[in-house]
Amino acid sequence: MNKFQEIINQDKPVLVDFFAEWCGPCKMQAPILQDLKKNVGDTASIIKIDVDKNQAVAAQFGIRSVPTLMIFKNGEVKWKQSGVFQADELEKLIRQNS
């Protein structure tokens, strides 16, 4: 939990993918996030949180469905949405919150 707080408190955008191993759409989102990481490089962090293994974090942020993506900056929630998103949409959102 402390490590998570440390990560989301960065002064660059942090995209968090709340996912589950059993979730089909989450499996579709994974390669999209890999492509996104290539496009944004070091301008943003991208992390994945398994909701089954990190139930306290998922509960803290009200995660009710997976995948849910959130963008944090300086520990503040800038954007939150459930569903699968394309890399160009996410890149635009990250740049808006840089």
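These numbers come from a predicted model, not from an experiment.

**Student:** Can you help me understand the pattern of salt bridges in this one?
**Tutor:** Any two side chains of opposite charge can pair if their charged atoms end up close together. All told, the structure shown has 5 salt bridges when counted by the stated rule. Its salt-bridge partner being Asp-35, residue Lys-38 comes within 3.8 Å of it at the nearest N-O pair. Separated by 3 residues within a single helix, Lys-38 and Asp-35 lie in helix α2 (residues 24-40), roughly one turn from each other. Under the relative-accessibility criterion, Lys-38 is labelled exposed at 66%. Residue class for Asp-35 comes out partly exposed when judged on its relative accessible area of 40%.

**Student:** Help me understand α2 in this model?
**Tutor:** Structural remark: α-helix, 3.6 residues per turn; residues separated by three or four positions point the same way. Over its 17 residues, α2 runs 25 Å from end to end, which matches the ideal 24 Å to within 8%, given 1.5 Å per residue. Within the sequence span of α2, burial applies to Cys-26, Gln-29, Ile-32, Leu-33, Leu-36 and Val-40. The secondary structure elements touched by the buried residues of α2 are β1 (14-19), β2 (45-50), β3 (68-73) and α4 (87-96). Phi turns positive, to about 55 degrees, at Gly-41, one or two residues after α2.

Quick notes on the rules
- Residues numbered from 1 in each chain as written.
- Predicted model: local features only at pLDDT ≥ 70, side-chain atom pairs only at ≥ 80, totals over all residues.
- Heavy atoms only, no water.
- Salt bridge = Lys/Arg side-chain N within 4 Å of Asp/Glu carboxyl O.
- Helix = DSSP H or I, 4+ residues; strand = E, 2+ residues; numbered from the N terminus.
- Buried < 20%, exposed > 50% of the residue type's maximum accessible area, 1.4 Å probe, protein only.
- Expected span 1.5 Å × (residues − 1).
- Contact = heavy atoms within 4.5 Å.

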